[in-house]
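Listed here are the chains, written in short residue letters.
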Amino acid sequence: MTQKIETEKSRIAIMILAAGASTRMGTPKQLLLYQGRSLVQYITEIAIASVCEPVVVVLGANAEQIRPQIHELPVTIVENLDWAFGMGSSIKTGMDFLYSLNQKITAVVIVLCDQPFLSPEIINQLVDAYHTTQKSIIACEYAETLGVPALFSHQFFAELANLPGNSGAKKVIQNNLNQVFSIPFNLGNIDIDTPSDYEKLNNRDWGLGTGDWG
């Protein structure tokens with residue numbers, strides 16, 4: 001791999017959205033234990049292990065409880081005071097921070113803190129596809145849909161920063177399908193929203209591969 005590509009990769013930021021109130025869970029899901037650590041710490045460590053930098057974590061609801069889980073990690077924590085307006089407001093908070101940096105950010109990867117099967121390899125595949133396909137959006141494909149984790153070139157930064165509060169990054173993907181290249185992430189449809197989801201996560205033998213997450 002050329003030094004040019006490595007340098008470009010170092011300017012691809014990653015944003016972890018962890019601002020939600022977890023109303024369906026009944027307790028902050030960011031703090032649920034998974035693989036011996038809180039879910040937010042687990043996902044943040046995965047982001048750190050990828051080729052992306054800087055790593056930005058957007059907190060909102062329960063920020064004071066969640067912050068100690070990651071404050072010693074090499075990340076920037078930004079707080080969305082408008083988290084109640086929805087995911088779009090958290091993306092705007094993260095984008096505002098990236099705009100404030102002196103370094104030129106050429107793209108951003110957006111991930112959620114409740115997709116437990118995320119890996120550094122998936123994130124790095126997004127970045128590799130961005131360089132090899134010349135497409136401006138690289139999205140994950142799962143459950144017959146396109147979604148996050150996804151990478152967005154700088155040309156979509158303004159659109160991301162101006163999403164309605166109740167919209168997420170998927171809206172930008174859907175609005176620009178001709179610009180999208182997808183990679184498979186078969187377990188990407190599994191997220192942890194309810195106590196039942198969490199119970200399944202802890203009890204399943206995922207090596208067997210089948211199951212209903214309806």
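Residues numbered from 1 in each chain as written. Predicted model: local features only at pLDDT ≥ 70, side-chain atom pairs only at ≥ 80, totals over all residues. Heavy atoms only, no water.

## A look at the confidence of the model for the chain
Taken residue by residue, the chain gives an average pLDDT of 91. The fraction at 70 or more is 91%. The low-confidence segment residues 1-5, where pLDDT is below 50, has 4 contacts with residues more than four positions distant or belonging to other chains. Within the model, pLDDT remains below 50 along residues 205-214, and this stretch shows 16 contacts once partners closer than five positions in the same chain are excluded. (pLDDT = per-residue confidence, 0-100. Contact = heavy atoms within 4.5 Å.)

## Side note on unusual backbone geometry
Residue Pro54 is bonded to the preceding Glu53 through a cis peptide linkage, with omega at 0 degrees. Considering the arrangement of structural elements, one finds Pro54 in the loop between α2 (39-49) and β4 (55-59). With an omega dihedral of 0 degrees, the bond running from Val148 to Pro149 counts as a cis peptide bond. Mapped onto the elements of the fold, Pro149 is located in strand β8 (residues 145-153). Look at Gln35: it is not a glycine, yet its phi comes out positive at around 55 degrees. With respect to the helices and strands, the residue Gln35 is situated in the loop between β2 (33-34) and β3 (37-38). Although it is not a glycine, Glu144 adopts a positive phi angle of roughly 60 degrees. (Helix = DSSP H or I, 4+ residues; strand = E, 2+ residues; numbered from the N terminus.)

## Considerations on the packing of aromatic side chains
Applying the stated criterion to the full structure yields 3 aromatic pairs. For the pair Tyr34 and Tyr42, a centre-to-centre distance of 4.9 Å together with 85 degrees between the ring planes defines the contact as edge-to-face. Across this residue pair, the class does not change: Tyr34 and Tyr42 are buried. Centre to centre, the rings of Tyr142 and Phe185 are 6.3 Å apart; their planes meet at 85 degrees, and the pair counts as edge-to-face. Of the two residues, Tyr142 sits in strand β7 (residues 137-142) while Phe185 sits in the loop between β9 (180-184) and α8 (195-203), which places them 43 residues apart along the sequence. A single burial state applies to Tyr142 and to Phe185, both of which are buried. (Phe/Tyr/Trp six-rings, centres within 6.5 Å; stacked < 30°, edge-to-face > 60°. Buried < 20%, exposed > 50% of the residue type's maximum accessible area, 1.4 Å probe, protein only.)

## Some points on the sheet that holds strand β5 (residues 76-79)
The strand order β5-β4-β1-β6-β8-β7-β9 describes an open sheet built from 7 strands, whose pairing is mixed. Strand pairing shows two members of the sheet lacking a second neighbour, β5 and β9, which therefore form its edges. Across the sheet, the axes of successive neighbouring strands diverge by a mean angle of 30 degrees, strand direction being ignored. Packing against the sheet, α2 makes contact with β1 (12-18), β4 and β6 (107-112), and its axis sits at approximately 175 degrees to β1. With respect to the sheet, helix α4 (residues 87-100) is in contact with β1, β4, β5 and β6, its orientation differing from that of β1 by roughly 145 degrees. (Pairing = 2+ DSSP bridges. Axes fitted to C-alpha atoms, helices over the stretch in contact; angles between N-to-C directions.)

## Structural notes on the environment of Ile192
By the element assignment, Ile192 lies in the loop between β9 and α8. For the pair Ile192 and Leu98, spaced 94 residues apart in sequence, the C-alpha to C-alpha distance is 28 Å.

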